[in-house]
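# A structural walkthrough
For reference, the chains in residue letters:
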Amino acid sequence: MASGLTTTVIGSYPKPPGFPCPDWFRVANGNDYTPKMYNDFCQSITKEEFEHTVKQATKECIAEQVKLGINIITDGEMARENYVFHFCRKLKNYSFDNLTHKVYRNGACHMDVPTVIGPLEPLESEPWCVKEWLASQALTTTPVKITIPGPMTIIGTTASKNGYYKSDKDWSLDLVKCINREIRALADAGCKYIQLDEPVMVRQPAVALDYGIDHATQCFEGVGSDVEKTIHLCCGYPLYLDQVDYMKADRQVYFDLAEKLDNAGFDAVSLEDAHQHNDLKLLEKFKKVKIILGVVAIAKSSIETVDEIKKRVQLALEHIPASRLMLAPDCGLGFLPKDILQSKLENMVTAARLFA
């Protein structure tokens, strides 16, 4: 591993040209996506054809990240229509035919979303996330991180028919059980980097402090200290590249959540900082965990220079030791054209290596 600060990516990568799977990132406006697009796609391709296509796209994605020098990579989420629905499709009683129109993310988004019609439990008898991770890790010697949506974010992006669950807390507890099964299987198989995606915590800090952070911790129950347990909290995807009027979550909420996150048992907390800068005194609130700091924006076509990234990192290091700082994009990279993405990641890696 090259010297300097450790670099990683957060999750998604743009799907290659001609890739047939519908993708929330590739519609003109995120609100125009509907799960029916994926339903129809599944009727048009065999399982074998889809698996072959995903493997080829994943292989290319992994090879590119390794070439760019990213220390901890992902599979690019090539099989996913988006980071939430892919997981929900593996749960019994999430209906992708009985959709509910939902306004969510504090009114920033609206979409027809899958609906809970009964008690949630795994659809398959054996854990399935581990199969995806093993297939990806077999393609490289570089460690592959897997990403899984957390309970608050799943609930915030789906609906429950006629209030099937008496409370969101009950709904969350069932999701914790399903997620924990997958995470434990990943850890048992040797996955060393597991990330829980929980951006909705920044939208709903009262819920996060009440039980959301506790439930996120429970998702990792039974996982040993040899696994780096990460929670990711960005301030939200916009609906398209270079959107200027999207209502992001209030970044000041990070201050409200910091102490509880720091003491919750995670090894790393991933925070957005490039799209909108934080008051870096925030980093002083974290006494234990590593911070994965977003240093390149994922929905702006402007490219951060090496010097810009370097200067931001220097400021961050006034508030946190280098041993607890990692660099990453703010969130997933699915919006970015490939040439812009490559330049952003190249500059991030170059800047990280300046801090040897």
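Residues numbered from 1 in each chain as written. Predicted model: local features only at pLDDT ≥ 70, side-chain atom pairs only at ≥ 80, totals over all residues. Heavy atoms only, no water.

## Some points on the packing of aromatic side chains
Rules: Only the six-membered ring of Trp is used, alongside the rings of Phe and Tyr, when aromatic pairs are assigned; centres must lie within 6.5 Å, and planes under 30 degrees apart are stacked while those over 60 apart are edge-to-face, with the rest tilted. By definition, any uninterrupted DSSP run of H or I lasting at least four residues is a helix, any uninterrupted run of E lasting at least two residues is a strand, and each is numbered from the N terminus. Here's how the labels work: a residue is buried when its accessible area is under 20% of the maximum for its type, exposed when over 50%, partly exposed in between, all with a 1.4 Å probe on protein chains only.
According to the stated counting rule, one finds 14 aromatic pairs in the structure shown. Between Y38 and F41, the ring centres sit 5.8 Å apart and the planes meet at 55°, which makes this aromatic pair tilted. Of the two residues, Y38 and F41 both sit in helix α1 (residues 35-42), three residues apart, roughly one turn of that helix. Judged on exposure class, the residue Y38 and its partner F41 are both buried.

## Looking at the pairing of strand β2 (residues 91-104)
Worth spelling out the cut-off: Any two strands with at least two DSSP-identified bridges between them are counted as paired.
Taken together, the nine bridges between β2 and strand β3 (residues 109-122) define a ladder with antiparallel strand orientation. Bridge assignment links L91 to a residue of β3, and that residue is P122. The turn joining β2 and β3, which pair antiparallel and follow one another in sequence, is formed by four residues; a positive phi near 55° is taken by R105.

## Focus: the sheet that holds strand β5 (residues 159-160)
Let me state the cut-off plainly: Any two residues whose heavy atoms approach within 4.5 Å are treated as being in contact. As a rule, the C-alpha atoms of each element are fitted with a line to give its axis, helices using only the stretch in contact, and angles between N-to-C directions run from 0 to 180 degrees.
The strand order β2-β3-β5 describes an open sheet built from three strands, whose pairing is mixed. Each edge of the sheet is formed by a strand with only one pairing partner; in this case those strands are β2 and β5. The sheet strands contacting α1 are β2 and β3, and the helix crosses β2 at an angle near 145°. On top of the sheet, helix α6 (residues 168-189) reaches β2, β3 and β5; it is set at about 75° to β3, its chief contact.

## So, α1
Short version of the rule: Each direction from the helix axis to a C-beta atom contributes to the arc, which is the arc of those directions.
For α1, the full list of buried residues reads P35, Y38, N39 and F41. Each buried residue of α1 sits inside an arc of 160° when the element is viewed along its axis, so together they form one side.

## Some remarks on unusual backbone geometry
Within the chain, E77 stands out as a residue other than glycine whose phi angle is a positive 55°. Checked against the element boundaries, E77 lands in the loop between α2 (47-68) and α3 (85-88). Take E77: its relative accessible area is 7%, and that puts it in the buried class. Not every positive phi belongs to a glycine, and N93 is a case in point at roughly 80°. Residue position: N93 is located in strand β2. Exposure remark for N93: the relative accessible area of 24% places this residue in the partly exposed category.

## So, the sheet that holds strand β9 (residues 290-296)
Strand order in the open sheet formed by seven strands is β1-β10-β9-β8-β7-β6-β4, with parallel pairing between adjacent strands. Taken across any chain shown, the strands that pair with only one partner, and hence form the sheet edges, are β1 (6-7) and β4 (146-149). Strand direction decides the pairing type here: strand β8 (residues 268-271) and β9, joined by four bridges, are parallel. Among the inter-strand pairings, V269 is bridged to a residue of β9, identified as I291. Its contacts with the sheet put helix α9 (residues 253-262) on β7 (228-233) and β8, and the angle it makes with β7 is roughly 165°. Its contacts with the sheet place helix α10 (residues 306-316) against β9 and β10 (325-329), and it is angled at close to 150° to β9.

## Brief notes about the environment of C235
Its place among the elements puts C235 in the loop between β7 and α9. The buried category is assigned to C235, whose relative accessible area is 2%. Spatially, the C-alpha atom of C235 lies 36 Å from that of S44, the residues being 191 residues apart in sequence. In contact with C235, not counting residues within four places along its chain, are V202, R203, K248, A249, R251, Y254, E272 and Q276.

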